[in-house]
Structures are given as C-alpha cells and as structure tokens.
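Examining the three-dimensional arrangement
Below, each chain spelled out in residue letters.
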Amino acid sequence: VAGGKSILRPNAGACQALQSGAKRLETAMTTPTIVDFRRNMKGEESAPAPDRVLKGEPKTSARNYFSDPSGQFFAGTWSSTVGKWKIDYTENEFCHLLEGRVVITSAEGKRWQFNAGDAWVIPAGFSGTWETVEPARKRYAIFEAAKPAG
C-alpha cells in the first residue's frame, strides 16, 4: 500500500500465460485470402419459378465466389438468357452489368434500363419485374440482414 492506496501488481506467471496464449491466438489467426473473380468456376444453373415468368424461357447461371461466415453477404457473377419475370427482393443487391441489357420495372411502373458498364443497387423491399432484353452478365454483391428470431 503506497499513500493509502493499494497497488495491484500482475503475477509474473499469469503475464507469461497471457503472452503465450496471445502468441498461440496470433499464429492460429491467418490473414483471409483475397477472392479473385478471374478464377474459373462452374456456375449453378437455374431458372425463375414458372409462375413468376412473364415472357420467354429465361435461364440463369450464378457463380457465387464469396459467402461470409454469417451467411448474410455474398458476391459473385450471374448471367441470364432473354426473358422477363417477377422479382421481390428481401436483400440489398449491388449490380454491375458486364454484358447485355436489362430493364427493371417497379410494381408502381417506374422503369430503369441498364446497359453493359452500368451499376446500380436494388434495395430490400423492391418488387416488380426483371427483363433481360439481351443476354446479360453481371457482378453482384448481396447483403441480406439476419431475420429476427421468433
């Protein structure tokens, strides 16, 4: 006790244990690897549900290059043949069109046309239609908030 106050001094053995534990944690943690979209990857083929298709027989392919551990964030490449279908977004999606032409129309009738090189975000809660006018390919980044339990 110095000047009426207690001075707590760490136990040397406890400090060494903490330091060695920190070193083990440091060596166990590795730097995450960069996700390179140039690598070749097989796509997952699918199509919009038949009851959602309004025109054509669109086929899609998705190459999901990244999913975070929470299952809320995804990034990859998506492509589609010509067609039109209904959409209802529960997620937020950033899109960058690499090829083709698409038209997105809101349920209220507002229309957006995107061409190769264009980028946009579709917010969660958006509903309307997606039309692939010319075969299209896009890069996407999707965030879907965790749904509350219960």
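Data block above holds the structure.
Keep in mind that this is a model prediction, so the values were computed, not measured. (Residues numbered from 1 in each chain as written. Predicted model: local features only at pLDDT ≥ 70, side-chain atom pairs only at ≥ 80, totals over all residues. Heavy atoms only, no water.)

On to the overall build of the chain, then. What the chain contains, in helices and strands, is 1 helix and 9 strands. Shown N-terminal to C-terminal, the secondary structure of the chain runs as helices and strands in the order α-β-β-β-β-β-β-β-β-β. A buried classification covers 26% of the 150 residues belonging to the chain. Considering only contacts in the chain between residues 6 or more positions apart, those separated by 24 or more positions represent 63%. As displayed, the chain offers around 10300 Å² of accessible surface, 56% of which is attributable to carbon and sulfur atoms. (Helix = DSSP H or I, 4+ residues; strand = E, 2+ residues; numbered from the N terminus. Buried < 20%, exposed > 50% of the residue type's maximum accessible area, 1.4 Å probe, protein only. Contact = heavy atoms within 4.5 Å. Areas by Shrake-Rupley, 256 points an atom, 1.4 Å probe, with all protein chains shown as cover.)

What follows concerns the nonpolar core. One broad rule of soluble globular proteins: the nonpolar side chains tend to lie buried together. In terms of nonpolar packing, the biggest core is built from 16 residues, with I87, V102, I104, W120, I122 and W130 touching the most fellow members. Not counting residues within four places of it along the chain, the set of residues in contact with W120 comprises E93, F94, C95, L97, V102, I104, F114 and W130. (Core = buried A, V, L, I, M, F, W, Y, C linked by side-chain atoms within 4.5 Å.)

Moving on: the pattern of salt bridges. Enumeration over the complete set of coordinates arrives at 7 salt bridges. With a closest N to O distance of 2.5 Å, R52 and D88 form a salt bridge. With R52 in the loop between β1 (44-46) and β2 (53-56) and D88 in strand β5 (residues 83-88), this pair connects stretches of sequence that are 36 residues apart. A relative accessible area of 26% means that R52 is categorised as partly exposed. (Salt bridge = Lys/Arg side-chain N within 4 Å of Asp/Glu carboxyl O.)

Here we take up the packing of aromatic side chains. Enumeration according to the criterion identifies 8 aromatic pairs in this entry. Between W78 and W130, the aromatic rings sit 5.3 Å apart at their centres with planes inclined by 80 degrees, giving edge-to-face as the arrangement. Residue W78 is found in strand β4 (residues 73-80), and its partner W130 is found in strand β9 (residues 127-143); the two are separated by 52 residues along the sequence. Under the relative-accessibility criterion, W78 is labelled buried at 14%. Given a relative accessible area of 1%, W130 falls into the buried group. Between F114 and W120, the aromatic rings sit 3.8 Å apart at their centres with planes inclined by 10 degrees, giving stacked as the arrangement. Accessibility assignment for this pair places F114 and W120 in one class, buried. Three or more aromatic residues link up through ring pairs in this structure, and these residues are W78, W85, F114, W120 and W130. Between the NZ or CZ atom of K138 and the centre of the ring of W78, over which it lies, the distance is 4.6 Å. (Phe/Tyr/Trp six-rings, centres within 6.5 Å; stacked < 30°, edge-to-face > 60°. Lys NZ or Arg CZ within 6 Å of the ring centre and 35° of its normal.)

Let us look at the pairing of strand β6 (residues 92-106). As paired strands, β6 and β9 are joined by 13 bridges and run antiparallel to one another. The partner of L97 across the bridge, within β9, is K138. Sheet topology note: the β6/strand β8 (residues 119-122) ladder contains 4 bridges and is antiparallel. Paired with F94 across the strands is V121, a residue of β8. Pairing of β6 with strand β7 (residues 111-115) involves 5 bridges; the strand directions are antiparallel. The residue bridging V102 from the neighbouring strand is F114, located in β7. Linking two consecutive strands that pair antiparallel, namely β6 and β7, is a turn of 4 residues; a positive phi of about 100 degrees is found at G109 within it. (Pairing = 2+ DSSP bridges.)

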